[in-house]
Amino acid sequence: MKTVTRLIAPVLCVLVGIVASGTASAQGSPAAAAAEAKNSIESIQAVQSATGITLKVTLKQPLEGQLGSFSVSNPARVAIDLPSTSNGTGKTAQTIGEGDVRSVNIVQVADRTRLVINLLRPLAYDTKIEGRELLINLAVATAKSPEATTTARFAEQKGGPDAHSIRDINFRRGKDGEGRVVIDLSDANTGIDIRQSGTKLIVDFLKTSAPDRLRKSLDVTDFGTPITNVTTIQQGGAVRMTITPTGMWEHNAYQTDNQFVLEVKPSQEDPRKLVQGSSRAVKYAGEKLSLNFQNIDVRSVLQVISDFTNFNIITSDSVTGSLTLRLKDVPWDQALEIILQAKGLDLRKNGNVIWIAPREELAAREKLELESKMQINDLEPLRTETFQINYHSAKAIFDGILKDKEKTILSKRGAVIMDERSNKLIVTDTAQRLDDVRRMLGDIDLPARQVLIEAQIIEAEDSFSRNLGARFGVHNTGGTAGGGRYALGGNVADTGYHTGQVSDTPNFLTDALSFNNPASSIAGKSAGQFALTLWNSAATRFLNLEISALEADGRGRVVSRPRVMTADQIEALIEQGVEIPYQNATSSGATSVQFRKANLSLKVKPQITPDGRVAMSLDINKDTPNTSIATGAGVAIDTKHVKTEVLVENGGTVVIGGIFQQETKGVVTKVPLLGDLPVLGYLFRNDEKSDKKIELMVFITPKILTDQVVSR
């Protein structure tokens, strides 16, 4: 529809001119309209200039009243409204054919005439009145250097010097981080020029004064907007406001009656686009247009927006009044919202039809509609329908949703019966409420998705032990018992046996090996021994030496893999182990036997997220009895426990916990001084060294099962 409309642009131009008149009563014959108009258009001429095209509109007499104008970019047009002016050219269209200007449509309604300039592409424009001539300058908006200046004129100045004033200046921060400079004017006819000079915005209020309290510099950095400073000074007969933004920004300005708003919002360059633009989501998404009207009827502005958007706008009879509106390059939906807020109106949209009325009137009408629907519901006949519940519990739905009369979706006349045996709900209510129940059951009565959760608990142990020891003895059995014989640790009265003896009487090892530091056993295993005995030719002097050593190197791994399958958001538990009895004393002194579990268990509650991941609440236990620490009351239990909540991708594996233990130990038993001798000291000491490493890691892997996997 929009494409066809743009093919008949001249016809639309005529429609735009007709609806901009204000009221239906103003539409009369051309002769009557010309009689009401005080002025008329005599001719239109196009002049080529260095910057663009200038349209010279010659009038019968100097123009009185405020010009109204607006522009659209697609299709490219500029519309100029001439108040109290009739069409004296005798034609409704004139071909220009100069540059980007194709033609001009001249449309007269009542005492107003609209010039619709049809362009090949959007052009910047401004207007100037010189006596009986209206000059419309059309130029191409070109990219300029940072030092260049671009000017947007909101209104032509009316009145003598210092005819206008600024009453107040406020600064506000919008919810999207934009900065708004709000200026309250004494009247709506103040001339305003906006231009960008380098990195600053300059706003000139022509023939306007400002009180001393407003002539100052405002530091607005703390507001967190692109604007950092707003400076207002009196410059001759005008007020100049300089706005200093920072970073990348874009601006727009609009005026409603006596309030002028300049808005600067942040923007950033999107690398996917060839031109700069804001990449964040914006509230307004309509095509941009420019409006410039002075004391125009509200209905006429709404009709202009209707023609621009191809929406059908219906206005209530209570929509009246006029406003001054100056907008430049503003989305049409934002322009419509500004108009509605300024006049206290609201809208309701149905398809491509928009109904506009005062807020109170819309609220009252909707209240009447709701009351009428409630009365109809009280008189509507009841129906009964049976709903089969397939994947849910009829009792759970009845108790949770339909049982409570204050929270149910049934009407006050509705009733429901639940049959647990057949898992059905029998509902009696109006047809509309039955449809609501049907939709609700369709949303919740769905097969639960299945999740397979596999936990892997790995215990790895690496141990190393080494023990070294020696036993050493010397004795002399020759000589006299009174002093010639001697022994280190033995009984010299006994001939004794030496290393390698087969008899145990006398005990040579305890009698003759006085330095007794053998290597201790490891895990019940005795150390290896190397023994040596030396004696003289007379067998009266003996030297006994025994070296013992033991080394143990162990590696082990225990892997436990509990797995369980459950439905979405349903807790599951799997465990395996033993129950260990123990005695428990009561308050009366009697004892009773109780049991404590030593289990490998996995407790999990999964939840499938909308993006296909699995959120899990996990509780994993691995308990084992420790028989080495047993008491009269029972056996100790080694406990390994992890409890957490994680979010894992479907089929992914994540480590949810781990414990690493390392025990290093060294023990030296020696004879003082002798055990510290180099080399020989090993004969008088015992060395024990051990290094033990234990690591525990817990892995979790969830898998969402498809319907095909579950069915198999």
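See above for the structure.
Since we're looking at a predicted model, the values are computed, not measured. (Residues numbered from 1 in each chain as written. Predicted model: local features only at pLDDT ≥ 70, side-chain atom pairs only at ≥ 80, totals over all residues. Heavy atoms only, no water.)

1. Here we look at the sheet that holds strand E29 (residues 424-429)
On the basis of which strands lie adjacent, the open sheet formed by three strands has the order E27-E29-E28 and antiparallel pairing. Bordering the open sheet on either side are strand E27 (383-388) and strand E28 (415-419), each of which pairs with just one other strand. Neighbour-to-neighbour, the strand axes of the sheet open up by a mean angle of 15°, direction not taken into account. Looking at chain direction, E27 and E29 are connected through six bridges and run antiparallel. Pairing of Phe-387 across the sheet is with Leu-425, part of E29. (Pairing = 2+ DSSP bridges. Helix = DSSP H or I, 4+ residues; strand = E, 2+ residues; numbered from the N terminus. Axes fitted to C-alpha atoms, helices over the stretch in contact; angles between N-to-C directions.)

2. Focus: the packing of helix H4 (residues 298-309) against helix H5 (residues 332-343)
Axis separation between H4 and H5 bottoms out at 11 Å; the angle between their running directions is 160°. With respect to their mutual orientation, H4 and H5 come out roughly antiparallel. Here H4 runs over H5; the crossing is left-handed. On H5, the residues touching Val-298, Val-301, Leu-302, Ile-305, Phe-308 and Thr-309 of H4 are Trp-332, Leu-336, Ile-339 and Lys-343. Across the contact of H4 with H5, the residue classes tally to eight nonpolar, one polar and one charged. (Parallel < 35°, antiparallel > 145°, perpendicular 65-115°, else oblique. Left-handed = near helix turned anticlockwise from the far one by under 90°. Contact = heavy atoms within 4.5 Å. Nonpolar A, V, L, I, M, F, W, Y, C, P; charged D, E, K, R; others polar.)

3. A closer look at the sheet that holds strand E9 (residues 124-130)
Adjacent strands of a sheet form backbone hydrogen bonds with each other and so pair up, either parallel or antiparallel. Strand order in the open sheet formed by five strands is E5-E1-E2-E10-E9, with mixed pairing between adjacent strands. The open sheet has two edge strands with one neighbour each: strand E5 (85-87) and E9. With strand direction ignored, the average angle separating the axes of adjacent strands in the sheet is 30°. Both strand E1 (residues 39-48) and strand E2 (residues 52-59) contribute to a ladder of seven bridges, which runs antiparallel. Opposite Ile-44, over in E2, you have Val-57 as the bridge partner.

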